[in-house]
Amino acid sequence: MSNATDTPTVGGKGNYDESYARFLKAYQDFKGECPKGVTLKLQKSGARYNLLLQFKQPPTGKRLPKTANLECTPQGVIDGVKKAKLVSEALGTITSTSEFWDWYDTTILGKNQIEDNLITYREIFQQLEDEYFAGYNRNTGRPRSRDVVSDLTSYHQSKGVFFELFPNWDEYPSWEGFKAMLYTPLQNGEELIGSKTFKERYYILKAIAKKSPNKEHLLKQLEPINPKQTKFKKKQRLSVDVFKDWWINTKKEAYTIRNPQHQSSRHAWLWVTGMAVMYGLRPTEIAAAVNLTKSFVTEDGVIIKALSDPDNQDNYLVLGDYTYFTDSEGRKVSIKTGGRIVAPIPSLDMFKFLELKKPLLPKYTPRAGSLPHTIVRGFNGLFDRRLASMKCPVTQKYAFRRLYNLLGEKYGLPIELRARLMGHSTIVNESKYKTEGIDATLEVLKGVSKLPIPLNVAIERLTALGFDVDTPEAKAFLRVIYQID
């Protein structure tokens, strides 16, 4: 075959540059050294020849040729025999189909085949981090920033904490690495499958897989796994009477504390619990209020009076985008759903009972050098510890928000308004904040019984009581109350 036009085109890693006859002789001489079950195969496709390995492939068990990154040269034949022996050994020791093909990609095909596409976990994690901070806060639409402590914390909680489960960031993504991360037991000893953590790990792995050169393989392995969360933390409930009894008794006990600083702290945290119930706020949102002791003027020139102003009967509260505290570098802490104006439950008696017009916002100064998530959780952490020390009947902060939602329903606030004031959607309000139970239903019904009744019902009841609803005076009252034209 000295004539170049008669020379076959060969595949594998590249066209050979030696005599085809020498290659063919090497193929005939050495193919017999392959182990039983795995052989070399010279396959013609059109005018092209490829040197392949042929063996029973998992999981089908069908004997088929498979590319092995071999050159059509004498050395390629020798390399092929070596690889055939490795494949034979792997087929006898590796029982998992996914493990075998991960091994085959790495050992037989070799890294050089996809060298330009291979990226490590570290590189993928950096891409995901950059994309996160190039995005926007999903609740407020504010651009994320590494200069905002809350954004650093959100990144750590939603991504960073899961990246830390990978022991070697300089490895390339593999199904073995994915499995080890996904099924790492929970530290609290609880069952992993069905937990919120399992669901979050699963979707992080999907994000990593989509950036991997072997994404089809990784996504295929993830596909049959069900990440649905089936285990939820039991929601604590707090009734109005239980809260009021605990609050007044704890308030009385606070006056017996001799240390002035400790007594002041106790009163301050009790004030926070009252604000959480009456305004449905998270503790950190209370730390973002900007009109506690001075009026707030909007961009349109509207004046919102200070909460402490005795002439302020509306008691609207203005929340800023950030809390009053920062980290030692001056980086801000944002609140979850952004700045907004909120109104209290329309119960003047309870508002007065909780002494909310005397703002007592607790002081919190993050320690220098604290991690972002420690700073963001600091105010809430103090609140949790104070609840425990004050023997509060609940330990979940959101129990106060659920009580607000219950009171809001009792006093006739529609769900759309309650959801808006609390900073979420009606779907979230219904699923997370609705208080179930007979006692809760009775509490709502007591409030509904005191709400305004329809015009025709009012006329019927007034007539039954002996009032003449056709008099000019009665018609005038009804016209004003029911806004009749």
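None of the values given here were measured: they were computed from a predicted structure.

Participant: Help me understand the packing of helix 9 (residues 240-254) against helix 10 (residues 260-279) in this model?
Facilitator: Two numbers describe a pair of packed helices, the interaxial angle and the distance between the axes. Packing of helix 9 against helix 10 brings their axes to within 9 Å, and their N-to-C directions diverge by 165°. Classed by the angle they form, the pair helix 9 and helix 10 counts as roughly antiparallel. Pair helix 9 / helix 10 crosses with left-handed handedness. Where helix 9 abuts helix 10, its residues Phe243, Trp246, Trp247, Thr250, Lys251 and Ala254 lie against Gln263, Arg266, His267, Leu270, Thr273, Gly274 and Val277.

Participant: Could you clarify how one ought to interpret the pattern of salt bridges in this entry?
Facilitator: Side-chain pairs of opposite charge can arise whenever the charged atoms involved come near each other. Counted by the stated rule, this structure contains 17 salt bridges. With its nearest N and O atoms 4.0 Å apart, the salt bridge here joins glutamate 285 to arginine 401. Placement of glutamate 285 in helix 11 (residues 283-286) and of arginine 401 in helix 14 (residues 398-410) is noted, with a sequence separation of 116 residues between them. With relative accessibility at 0%, the residue glutamate 285 sits in the buried group. By relative accessible area, arginine 401 is classed as buried at 0%. The residue arginine 331 makes a salt bridge to glutamate 329 at a minimum N-O spacing of 4.0 Å. With relative accessibility at 61%, the residue glutamate 329 sits in the exposed group.

Participant: In this structure, what is going on with helix 3 (residues 97-109)? I would like to understand it.
Facilitator: Between the first and last C-alpha of helix 3 there are 17 Å, a value that for 13 residues agrees with the 18 Å anticipated at 1.5 Å per step. Residues Ser98, Phe100, Trp101, Asp102, Tyr104, Ile108 and Leu109 constitute the buried set of helix 3. At its buried positions, helix 3 is contacted by strand 3 (48-57), strand 4 (62-67), helix 2 (74-93), helix 6 (175-182) and helix 8 (215-222).

Participant: Explanation requested: the packing of aromatic side chains in the structure shown.
Facilitator: Any aromatic ring pair is given by two values, namely how distant the centres are and how the planes are angled relative to each other. Applying the stated rule across the entire model yields 31 aromatic pairs. Centroid distance phenylalanine 100 to tryptophan 101: 4.9 Å. Interplanar angle 75°. Geometry classified as edge-to-face. Considered together, phenylalanine 100 and tryptophan 101 belong to a single accessibility category, that of buried residues. Look at phenylalanine 243 and tryptophan 246: their rings are 6.2 Å apart centre to centre, the planes differ by 40°, and that puts the pair in the tilted class. Note that phenylalanine 243 and tryptophan 246 are positioned in helix 9 at a spacing of 3 residues, about one turn of the helix. By relative accessible area, which is 0% here, phenylalanine 243 ends up buried. Above the ring of phenylalanine 353, the side-chain terminus of lysine 244 is found at 5.1 Å from the ring centroid.

Quick notes on the rules
Residues numbered from 1 in each chain as written. Predicted model: local features only at pLDDT ≥ 70, side-chain atom pairs only at ≥ 80, totals over all residues. Heavy atoms only, no water. Axes fitted to C-alpha atoms, helices over the stretch in contact; angles between N-to-C directions. Helix = DSSP H or I, 4+ residues; strand = E, 2+ residues; numbered from the N terminus. Parallel < 35°, antiparallel > 145°, perpendicular 65-115°, else oblique. Left-handed = near helix turned anticlockwise from the far one by under 90°. Contact = heavy atoms within 4.5 Å. Salt bridge = Lys/Arg side-chain N within 4 Å of Asp/Glu carboxyl O. Buried < 20%, exposed > 50% of the residue type's maximum accessible area, 1.4 Å probe, protein only. Expected span 1.5 Å × (residues − 1). Phe/Tyr/Trp six-rings, centres within 6.5 Å; stacked < 30°, edge-to-face > 60°. Lys NZ or Arg CZ within 6 Å of the ring centre and 35° of its normal.

Everything listed here is a matter of coordinates, which is why it stays silent on function.
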